[in-house]
Amino acid sequence: MRFDGRQADEARKVSIETDFVHTAYGSCLIATGNTRVICTASVTEGVPPFLKGKGQGWVTAEYAMLPASTTERKKRDGASKDGRSVEIQRLIGRSIRQAVDMKLLGERTITLDCDVLEADGGTRTASITGAMVALTCAVDRLIREKKLLQSPIVHQVAAVSCGIVNDEPCLDLCYREDSGAQVDMNFVMNEQGDFIELQGTGEGRAFTPDELSVLMNYGRKGTSELLEAQRAALGERAARIAPKPLLVAATGNAHKLKELQTIFSDYYTIVSMNDAGFAGEIDENADTFAGNAAIKAETVCAATGLPCIADDSGLSVSALDGEPGVLSARYAGGHGDDDANNDLLLSRMKNKADRDCAFMCAIALARPGRETVTAEGSCPGTLLYERRGTGGFGYDPLFLYEPYGKTFAEFSETEKNEVSHRARACAAMKEIMKGLKD
């Protein structure tokens, strides 16, 4: 039992308050015991001279202890920082850069400022842990402002101190323990349990391999708890950390985009072609759904340089020899006029007894420098004589799915995504994707 009542492997209480500084792109106030640090992230367009023209960004850090952060007033840093502050801010910068894909960040700089309000041991590790949160908040804002298409954060990082006090390995030293520690160590780790930096010094005495093993286990335990605290504080913004792979959806249809996002959400982050920077026209001149899907996927992939998924789907009615088919969205002439398309279909089916029909879908995946692959799915149904339901889009109000006794327009989103032609084509595509190389 330590002087403050903690067990040897017990960290101090941690709290992280996000958005603490409203003028910053991202910020938090992190407290580990009585140590408190304000961490902010500022975004500047452009990069240092040594990176200009390389198409990548930069993450750097600054660290300072405010005058009243210690019991005796600390003199403010002047034109040049003291050696300790320089060493710590370099450590913060190195640690957080491990978390970022600089190419995805683009030619912009994120500066992480860590200002210690109160120092009671572990200020550098608290600064790293808080800087990770501030960075994530800043990236989330950049994405929401459409300045970034995808998150450049590829890892989560946290740090904790350990040491040997009175011949006892301990986790998360406060100042009283740290000032008299025989061995002082700092662990910077990622979410995979890998080391980014490990600092260890036997100031009072050398330490044994067995003691090092105990300290490493404590370090893993402490950083694991901090990683959980970071994600809890970030909430939904935690999804910006090591996000799922990005796929561009070659569609301007909001309903279709939402379906694709729902179906692929466990595997990919789906963004629209507009968000990816494509706003051109695509000439869908193939006579099959698979052909049109491939045209769309390949066109957007070539324009954006990103993997792209596209679908082409429509209704095939037996009594009309497969019409509307590939013309489903423009059956009545104008593109996407659902009411006109449904009216025309009902008109052509007047007095026809054969009401068999099927929704058809083809999915195409195009990747830069790779062969396009396609998958297909269909869902059989019965064409009604009049509309039923207010949900969905296209021909959904006329399409009766017999097993459920409801039209697609009467389905919930979850129900539709279980049986629809698009869901079946996507399921087939996901099976194909499992066998593809990156």
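Our subject in this report is the structure included herewith.

What counts and how
Residues numbered from 1 in each chain as written. Predicted model: local features only at pLDDT ≥ 70, side-chain atom pairs only at ≥ 80, totals over all residues. Heavy atoms only, no water. Axes fitted to C-alpha atoms, helices over the stretch in contact; angles between N-to-C directions. Helix = DSSP H or I, 4+ residues; strand = E, 2+ residues; numbered from the N terminus. Parallel < 35°, antiparallel > 145°, perpendicular 65-115°, else oblique. Left-handed = near helix turned anticlockwise from the far one by under 90°. Contact = heavy atoms within 4.5 Å. Nonpolar A, V, L, I, M, F, W, Y, C, P; charged D, E, K, R; others polar. Pairing = 2+ DSSP bridges. Phe/Tyr/Trp six-rings, centres within 6.5 Å; stacked < 30°, edge-to-face > 60°. Buried < 20%, exposed > 50% of the residue type's maximum accessible area, 1.4 Å probe, protein only. Core = buried A, V, L, I, M, F, W, Y, C linked by side-chain atoms within 4.5 Å. Salt bridge = Lys/Arg side-chain N within 4 Å of Asp/Glu carboxyl O. Expected span 1.5 Å × (residues − 1). Polar contact = N/O pair within 3.5 Å; in protein donor to acceptor, adjacent residues only side chain to side chain. 1 Å grid on protein atoms, 1.4 Å probe; cavity = no way out; pocket = protein on both sides within 12 Å on 5 of 7 lines; lining within 4 Å. Points joined across faces, edges and corners; volume = space filled by probe spheres on them.

### Observations concerning the packing of helix α6 (residues 254-264) against helix α10 (residues 421-434)
In the contact formed by α6 and α10, the axes pass within 11 Å of each other and the chain directions differ by 45°. Looking at the two axes, α6 sits oblique to α10. Handedness of the α6/α10 crossing: right-handed. When α6 is examined against α10, the residues K256, E259, L260, I263 and F264 are found in contact with a partner set consisting of R422, A423, C426, M429, K430 and M433. For the contact of α6 with α10, the per-class residue count stands at seven nonpolar, no polar and four charged.

### Looking at the sheet that holds strand β7 (residues 168-171)
What the four strands build is an open sheet, ordered β7-β6-β8-β9; its pairing is antiparallel. Two strands bound the open sheet, and with one partner strand each, they are β7 and β9 (195-201). Averaged over all pairs of adjacent strands, the angle between strand axes in this sheet comes to 15°, irrespective of strand direction. Alignment of strand β6 (residues 157-165) against strand β8 (residues 183-190), held across eight bridges, turns out to be antiparallel. The residue bridging V160 from the neighbouring strand is F187, located in β8. Contacts from helix α1 (residues 83-97) reach β6, β8 and β9 within the one sheet, and its direction differs from that of β9 by about 150°. Packed onto the sheet, helix α3 (residues 123-144) meets β6, β8 and β9 and runs at close to 165° relative to β6.

### Structural notes on the packing of aromatic side chains
Here the structure, examined in full by the defined rule, presents eleven aromatic pairs. Measuring from ring centre to ring centre gives 6.0 Å for Y401 and F411, while their planes differ by 80°; the resulting arrangement is edge-to-face. Taken together, the positions of Y401 in strand β15 (residues 399-401) and F411 in the loop between β16 (406-407) and α9 (413-419) put the pair ten residues apart, joining distant regions of the chain. Overall, the relative accessible area of 9% leaves F411 in the buried class.

### Here's the deal with the nonpolar core
Of all hydrophobic cores here, the largest spans 44 residues; its most connected members are V59, I92, I96, L112, I128, M132 and L135. The greatest single-element share of this core, amounting to twelve residues, is contributed by α3.

### Some details on the sheet that holds strand β4 (residues 58-65)
Strand order in the open sheet made by the five strands is β1-β2-β3-β5-β4, with mixed pairing throughout. Each end of this open sheet is capped by a strand with a single partner; those strands are β1 (14-18) and β4. The average undirected angle you get between the axes of adjacent strands in this sheet is 20°. In the sheet, β4 pairs with strand β5 (residues 108-118) via eight bridges, with the strands oriented parallel. In the sheet register, V59 faces β5, and the bridge partner there is I110. In the packing of α1 onto the sheet, the strands contacted are β4 and β5, and the crossing angle to β4 comes to about 145°.

### Here we look at the pattern of salt bridges
Within the structure shown, the criterion is met by 32 salt bridges. K296 serves as the salt-bridge partner of D312, at 3.6 Å between the closest nitrogen and oxygen. Separated by 16 residues along the polypeptide, D312 in strand β12 (residues 308-317) and K296 in helix α7 (residues 289-304) bring together distant segments of the chain. By the burial criterion, D312 is buried, and K296 matches it.

### Side note on α1
Relative to the 21 Å expected for 15 residues at 1.5 Å per residue, α1 spans 21 Å between its end C-alpha atoms, a close match to the ideal helical length. What α1 keeps buried is the set S85, I88, Q89, L91, I92, G93, S95 and I96. Looking at the buried side of α1, the elements it contacts are β4, β5, α3, β6, β8 and β9. Where α1 begins, one side-chain oxygen reaches toward the backbone nitrogen of R84, 3.1 Å away; that side chain belongs to D82.

### Describing the layout of surface pockets
As a volume, the largest pocket reaches approximately 760 Å³. Taken together, 34 residues line the largest pocket, and the ones lying closest to its centre are T251, N253, K256, A329 and H335. Listing elements by their share of the lining of the largest pocket, those giving two or more residues are β12, α8 (338-348) and α10. The leading source of residues in the lining of the largest pocket is β12, at four residues.

### Details of the environment of D337
Topologically, D337 is positioned in the loop between β12 and α8. With 57 residues separating them along the chain, D337 and G394 place their C-alpha atoms 8.2 Å apart. Separated by 3.2 Å, the side chain of D337 and the backbone nitrogen of A340 make a polar contact.

### Structural notes on the environment of I110
Mapped onto the secondary structure, I110 falls in strand β5. A relative accessible area of 1% places I110 in the buried class. Residues I110 and L142 lie 32 residues apart in sequence; the distance between their C-alpha atoms is 11 Å. Once residues within four sequence positions are removed from consideration, I110 is found in contact with A41, S42, V43, W58, V59, T60, L105 and L135.

### Observations regarding the side chain of Q230
Within the element layout of this structure, Q230 appears in helix α5 (residues 209-234). Separated by 2.9 Å, the side chain of Q230 and the backbone oxygen of T129 make a polar contact. In contact with Q230, not counting residues within four places along its chain, are I16, T129, M132, V133, Q156, V157 and A158.

### Focus: unusual backbone geometry
The omega torsion of the bond from E323 to P324 falls at -5°, within 30 degrees of zero and hence cis. Checked against the element boundaries, P324 lands in the loop between β12 and α8. Although it is not a glycine, K146 adopts a positive phi angle of roughly 60°. Among the residues examined, K146 registers a relative accessible area of 61% and is labelled exposed. Despite not being glycine, N351 shows a phi value in the positive range, around 70°.

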